[in-house]
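# Tertiary structure, described
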Amino acid sequence: KAFESGVKAANDAAANINEIHGVFSELGTQLENFSEGKLKLIRGSKDVTLDDNSIYDPFSPLGGSFVGGALNALRKKIKKNCLCIKLESEETLHDISFYEISKTGYPISLSFSGKSITCHDKQGLEEALRELFSHPDTGKIINKLTAKAKTLPAGEENPVPPEEN
C-alpha cells in the first residue's frame, strides 16, 4: 500500500507541475498575441542573495534590491524561479515575479511588487497571474518594451546576419 501511495503522490505532483507549466505557457501565448509577437514570457531562474530579514522585490526603485538586515555575514545565495518578459529581439530579461512551486505542485506562491500570493489550484494561479498582469509595475514594463519594439526599423525584430559573398 505504501508503495502505491508514493507512486500516486509522485504522479499527482507531476500532473500538477505540468498543469502549472501549461498555465504559464498559455499566458506566454496570450502575451505574444497581445504584442504581435514582440514580447515573450520566459520562465527562468536567478541567483539572489538573501539575508535573514530580507524580502526581494523585483520592482523596487533600485532595480531589485534587498530590504532588511544589513549584516553581510548573514547573506546567502539561493536560486529563485522567476517569470520574466523580454523583447523578442533582445536577450535582456525583465523580472515581473518570482515563484516557488512546492514538491506536490500546489501550492505555488508568486511574489511581485511587495506582495506574495499563494495558489492552491489552477483557478487560484490564473487569478494571481491576472493580478500580476493587471499591476501597474507589470504594465510599465510591457509599455516600455512595446514602445521600444515600435522604434526598431521594420524587419529588425529578428535581425539576420548579412550573407557573405
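Rules used throughout
Residues numbered from 1 in each chain as written. Predicted model: local features only at pLDDT ≥ 70, side-chain atom pairs only at ≥ 80, totals over all residues. Heavy atoms only, no water. Salt bridge = Lys/Arg side-chain N within 4 Å of Asp/Glu carboxyl O. Helix = DSSP H or I, 4+ residues; strand = E, 2+ residues; numbered from the N terminus. Buried < 20%, exposed > 50% of the residue type's maximum accessible area, 1.4 Å probe, protein only. Polar contact = N/O pair within 3.5 Å; in protein donor to acceptor, adjacent residues only side chain to side chain. Pairing = 2+ DSSP bridges.

### Let's talk about the pattern of salt bridges
Using the criterion set out here, one finds 5 salt bridges in the structure. Lys46 is the salt-bridge partner of Asp95, the closest N and O atoms lying 2.7 Å from each other. Of this pair, Asp95 sits in strand S5 (residues 94–102) while Lys46 sits in strand S1 (residues 39–50), and the two are 49 residues apart along the sequence. Assessed through its relative accessible area of 32%, Lys46 is described here as partly exposed.

### Notes on the side chain of Asp95
On the basis of relative accessibility, which here comes to 10%, the residue Asp95 falls in the buried class. A distance of 2.7 Å separates polar atoms of two side chains, one belonging to Asp95 and the other to Lys46.

### Concerning the pairing of strand S6 (residues 105–112)
Among the 8 residues of S6, 6 are classified as buried, and the element is accordingly described as predominantly covered. By the bridge criterion, 5 bridges tie S5 to S6 in an arrangement that is antiparallel. Bridge pairing links Glu100 to Ser109 in S6. What sits between the antiparallel neighbours S5 and S6 is a turn of 2 residues. Relative to strand S7 (residues 115–119), S6 runs antiparallel, the two sharing 5 bridges. If you follow Ser111 over to S7, its bridge partner there is Ser116. With antiparallel pairing between neighbouring strands as the criterion, S6 and S7 make up a hairpin whose turn holds 2 residues, including Ser113 at a positive phi of roughly 50°.

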